[in-house]
Amino acid sequence: MTNNYAPLLRQYGFKVTRARLKLLERLNRATQPMTAQELHAELADAKMDLATVYRSLNKFADAGLIARVQLGDEFARFEFVKHHHHHHIVCNSCGKVSEIELCNLDALSSEIAQKTGFRNIAHHVVFSGDCQDCASKQ
Ligand SMILES: [Zn+2]
Ligand SMILES: [Zn+2]
Ligand SMILES: [Zn+2]
């Protein structure tokens, strides 16, 4: 069941371990970016301590196998690399994270390029608000 991830690990130069396979498998099923703590809690049977989970995630992210996501709090979260540009919106009340496939900031980037002379401009934007569930409880 976790076999698909072995070639991926090798491709990125990582040794294939059971724990690493479980980590990738769980992350690929995630519907939102996850913290090392969350992954560690869910993979209790993989017998990986939190430090190892954290170290593996950071190594994977440095190698470009997964992506590091900052959502404006003190936690680093991780998600599988998606090959399209997207953003996240975080609920102020329950912390739920949704993916946003829309982005119209390219025009702004070209304007910034013109005004500042910067090239290869990237942006890191996190949206926040009240999710549908929380808004309906207000
Ligand atoms: Zn909410
Ligand atoms: Zn995402
Ligand atoms: Zn964008």
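Residues numbered from 1 in each chain as written. Chains lettered and ligands numbered in written order. Predicted model: local features only at pLDDT ≥ 70, side-chain atom pairs only at ≥ 80, totals over all residues.

Secondary structure assignment for the protein chain yields six helices and six strands. Walking the protein chain from its N terminus toward its C terminus, one meets helices and strands in the order α-α-β-α-α-β-β-β-β-α-β-α. Dimensions of the protein chain along its principal axes, counting C-alpha atoms only, are 50 × 45 × 25 Å. By the burial criterion, 17% of the 138 residues in the protein chain qualify as buried. Taking the contacts inside the protein chain whose residues are at least 6 apart along the sequence as the reference set, 41% of them involve residues at least 24 apart. (Helix = DSSP H or I, 4+ residues; strand = E, 2+ residues; numbered from the N terminus. Buried ≥ 20, exposed ≤ 12 C-beta atoms within 10 Å, placed from the backbone. Contact = placed C-beta atoms within 7 Å.)

Here three strands make up an open sheet; going across it, the order is E1-E3-E2 and the pairing antiparallel. The open sheet terminates on both sides in strands that have one partner only, identified here as strand E1 (34–35) and strand E2 (66–70). Note: E1 against strand E3 (residues 76–80), two bridges, orientation antiparallel. Residue pairing across strands places Met-34 opposite Phe-78, the latter belonging to E3. Running over the sheet, helix H4 (residues 50–63) touches E2 and E3 and is turned about 105 degrees from E2. (Pairing = 2+ DSSP bridges. Axes fitted to C-alpha atoms, helices over the stretch in contact; angles between N-to-C directions.)

Within the open sheet, the three strands sit side by side as E5-E4-E6. Their pairing is mixed. Across the chains shown, the open sheet's two edge strands, defined by having one partner strand only, are strand E5 (97–100) and strand E6 (126–129). Pairwise comparison of adjacent strand axes, ignoring direction, gives a mean angle of 30 degrees for this sheet. Across four bridges, strand E4 (residues 87–91) lies against E5 in antiparallel orientation.

Okay, unusual backbone geometry next. You will see that Asn-120, though not glycine, has its phi angle at about 50 degrees, which is positive. Within the secondary structure layout, Asn-120 lies in the loop between helix H5 (106–116) and E6.

For the rest of this paragraph, the subject is the nonpolar core. Nonpolar side chains tend to gather and get buried jointly when the protein is soluble and globular. Core analysis: the biggest nonpolar cluster contains 15 residues, and Leu-23, Leu-27, Leu-39, Val-53, Leu-57, Ile-66 and Phe-78 have the highest contact counts within it. Those elements that place two or more of their residues in this core are helix H2 (18–29), helix H3 (36–42), H4 and E2. Apart from the residues within four sequence positions on either side, Leu-57 is in contact with Ala-36, Ile-66 and Phe-78. (Core = buried A, V, L, I, M, F, W, Y, C linked by C-beta atoms within 7 Å.)

This part takes up the environment of Lys-82. Here Lys-82 is to be found in the loop between E3 and E4. Here Lys-82 falls in the exposed class, since 10 other C-beta atoms lie within 10 Å of it. Here the alpha-carbon distance between Lys-82 and Ala-67, two residues 15 residues apart in the chain, equals 8.3 Å.

The subject of this paragraph is the pairing of E2. Relative to E3, E2 runs antiparallel, the two sharing five bridges. Note on E3: the bridge partner recorded for Gln-70 is Ala-76. The turn joining E2 and E3, which pair antiparallel and follow one another in sequence, is formed by five residues; a positive phi near 90 degrees is taken by Gly-72.

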